[in-house]
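# Observations on chain architecture
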Amino acid sequence: MNQLLARSVMRRLVNSGSNCKRCISSLSSPSSLPSSSAAAAAAVVCKEVHKPSSESVVMLSGKRLGFSGQRWRMMSSTSEPPTKKSTSSSTAVRKEDEKDEKTSGAAVEKMERKNDEVVISSYWGVSRRKITREDGSVWPWNCFMPWETYQADLSIDISKHHVPKTFLDKVAYWTVKILRIPTDIFFKKKYGCRAMMLETVAGVPGMVGGMLLHLRSLRKFEQSGGWIKALLEEAENERMHLMTMVELVQPKWYERLLVLAVQGVFFNFYLVLYVLSPKLAHRIVGYLEEEAIHSYTLYLNDIDRGEIENIPAPAIAIDYWRLPKDATLKDVITVIRADEAHHRDVNHFASDIHYQGKKLQEAAAPIGYH
């Protein structure tokens, strides 16, 4: 009976659009439901009677009653044709709904994208914190941090030389002297290119020595005495020399090719040598650093004579060595030469430890000794 009552109410509302009195009179006939049911139905009709009939059908069917497709077709076939006013209002409502859906969809997509960015940058907890200089400006380098910078010790003795005494010392000394011959022939007085090539080779021994000591420490469950860190610091310092020289001298394609060949040969040679005789390996590096000091001294002499322009220092060198803002090429070469002198002392010292029949970890490692 309730279904029949609802159908009769909807049919009367759609077909005739009659007023509240007529609906109440039709519902209060003896063939209808009891008076309480009729009154309730009449109240519903009275609330909806002031709206256009087609709009009422759309609202009741689409949003409130949720009729199935079959009932919707049945009701729409018996309803009056929609007026222009109702059609335009329905179209406006649909457009507004579509606009709201697009806006909400865009907002959700933006939120999801934002959440994805947050996940990528912070999920593992390795996002970089904001790093600044002492003056508050943003730190521009990723290859080294402010706490890795330093002021070079320029008071070190540049002229110090280890006189070869033993057979292995002489082998190391003359090996380096022979290796210098093709370098002098190829580069001549192009000290910038020579320094670039030298630094690509000079960064290898510290890395190889640190790597082998690291593996030895793992195999034998023993401490390294800080020598792993000392040798890796040396390799990193030499790499920063190279990064600086690349800013000063833009290498040509054939120079890059030469670097690949030389580094590949020297790495394997030094790896085998260090495994067989660490004391010879460190002695060779000590003499290589002496030759580097000599080459940088010639570089500085040409700058003083005006044969090489004393250009402003690159920004990376100013920050790494804490040089003044008006530093020049001469200042950069001077601090690099001081670093090479420190590396000379470290490697001759390591070789002397091995000559005494001891292990490196038995002596204090010169950590932070650039």
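Quantities reported herein were computed from a predicted structural model and do not represent experimental measurements. (Residues numbered from 1 in each chain as written. Predicted model: local features only at pLDDT ≥ 70, side-chain atom pairs only at ≥ 80, totals over all residues. Heavy atoms only, no water.)

Per the secondary structure count, the chain includes 13 helices and 0 strands. Moving toward the C terminus, one meets the helices and strands of the chain in the order α-α-α-α-α-α-α-α-α-α-α-α-α. Scored against the burial criterion, the 370 residues of the chain give a buried share of 38%. By sequence separation, contacts in the chain at least 24 residues apart represent 72% of the contacts at least 6 residues apart. (Helix = DSSP H or I, 4+ residues; strand = E, 2+ residues; numbered from the N terminus. Buried < 20%, exposed > 50% of the residue type's maximum accessible area, 1.4 Å probe, protein only. Contact = heavy atoms within 4.5 Å.)

Below, the discussion takes up the packing of aromatic side chains. On inspection of all chains with the given rule, the structure shows 13 aromatic pairs. With 4.9 Å between their ring centres and 85 degrees between their planes, Y320 and W321 make a pair best called edge-to-face. There is no split in this pair, since Y320 and W321 are both buried. An aromatic cluster of three or more residues is present, and its members are W139, W141, F144, Y150, Y320 and W321. If you follow K279 out to its NZ or CZ, it ends over the ring of Y355, 5.0 Å from the centre. (Phe/Tyr/Trp six-rings, centres within 6.5 Å; stacked < 30°, edge-to-face > 60°. Lys NZ or Arg CZ within 6 Å of the ring centre and 35° of its normal.)

Another aspect to go through is helix α7 (residues 167-187). Between its terminal C-alpha atoms α7 stretches 31 Å, which fits the 30 Å expected from 21 residues at 1.5 Å a residue. The set of residues buried in α7 consists of D169, A172, Y173, V176, R180 and F187. On the buried face of α7, the contacting elements are α8 (191-220), α10 (253-276), α11 (278-305) and α13 (329-355). In the stretch just after α7, K188 is the one whose phi turns positive, near 55 degrees. (Expected span 1.5 Å × (residues − 1).)

On to the side chain of E290, then. Among the structural elements, E290 can be located in helix α11. Here E290 sits buried without a salt bridge, and the closest side chain of opposite charge, R344, lies 5.5 Å off (N-O distance). With residues up to four places along the chain from it excluded, the contact list for E290 reads K160, H161, H162, R344 and H348. (Lys, Arg positive; Asp, Glu negative; His and termini not counted. Salt bridge = Lys/Arg side-chain N within 4 Å of Asp/Glu carboxyl O.)

Counting 37 residues, the largest nonpolar core has F144, M245, Y299, W321, L329, V332 and I333 as its most contacted members. Within the second largest apolar cluster, 28 residues are counted, among which are V208, L213, I228 and F266. (Core = buried A, V, L, I, M, F, W, Y, C linked by side-chain atoms within 4.5 Å.)

One can describe the packing of α8 onto helix α9 (residues 227-248) by two numbers: an axis separation of 8 Å at closest approach and a directional angle of 160 degrees. Here α9 runs roughly antiparallel to α8, going by the angle between their axes. Between α8 and α9 the crossing geometry is left-handed. Partitioning the contact of α8 with α9 into residue classes produces 12 nonpolar, 9 polar and 3 charged. (Axes fitted to C-alpha atoms, helices over the stretch in contact; angles between N-to-C directions. Parallel < 35°, antiparallel > 145°, perpendicular 65-115°, else oblique. Left-handed = near helix turned anticlockwise from the far one by under 90°. Nonpolar A, V, L, I, M, F, W, Y, C, P; charged D, E, K, R; others polar.)

So, about the environment of T132. Along the chain, the position of T132 falls in the loop between α6 (84-122) and α7. The partly exposed category is assigned to T132, whose relative accessible area is 34%. Sequence spacing of T132 and M145 is 13 residues, and the spatial spacing of their C-alpha atoms is 9.7 Å. Aside from chain neighbours lying at most four places away, what touches T132 is S137, V138, W139 and P146.

The next point concerns the pattern of salt bridges. For the structure shown, the criterion picks out 15 salt bridges. R133 is the partner of D319 in a salt bridge, and the nearest nitrogen-oxygen pair spans 3.0 Å. Linking D319 in helix α12 (residues 315-320) with R133 in the loop between α6 and α7, this pair joins segments that are 186 residues apart in sequence. D345 is the partner of K160 in a salt bridge, and the nearest nitrogen-oxygen pair spans 3.7 Å. Of this pair, K160 sits in the loop between α6 and α7 while D345 sits in helix α13, placing them 185 residues apart in sequence. On the basis of relative accessible area, D345 is assigned to the buried category, the value being 15%.

Under the 1.5 Å per step criterion, the end-to-end length of α11 is 41 Å for 28 residues, consistent within 8% with the ideal 40 Å. Counting buried residues in α11 gives 20 out of 28 residues, a clear majority hidden from the surface. Immediately beyond the C-terminal end of α11, within one or two residues, lies G306, with a positive phi of roughly 85 degrees.

Turning to its location among the elements, E134 is positioned in the loop between α6 and α7. On a C-alpha basis, the gap between E134 and P146 in space is 9.2 Å, while along the polypeptide they are 12 residues apart.

Looking now at unusual backbone geometry. Of note, the phi angle at F221 is positive, near 55 degrees, even though the residue is not glycine. Tracing the sequence through the fold places F221 in the loop between α8 and α9. Judged by relative accessible area, F221 falls into the exposed class, the value being 77%. Positive phi values are uncommon outside glycine, yet R322 reaches one of about 55 degrees. Following the sequence through the fold, R322 ends up in the loop between α12 and α13. Judged by relative accessible area, which is 42%, R322 ranks as partly exposed.

Bear in mind that shape data such as this cannot, by itself, settle questions of function.
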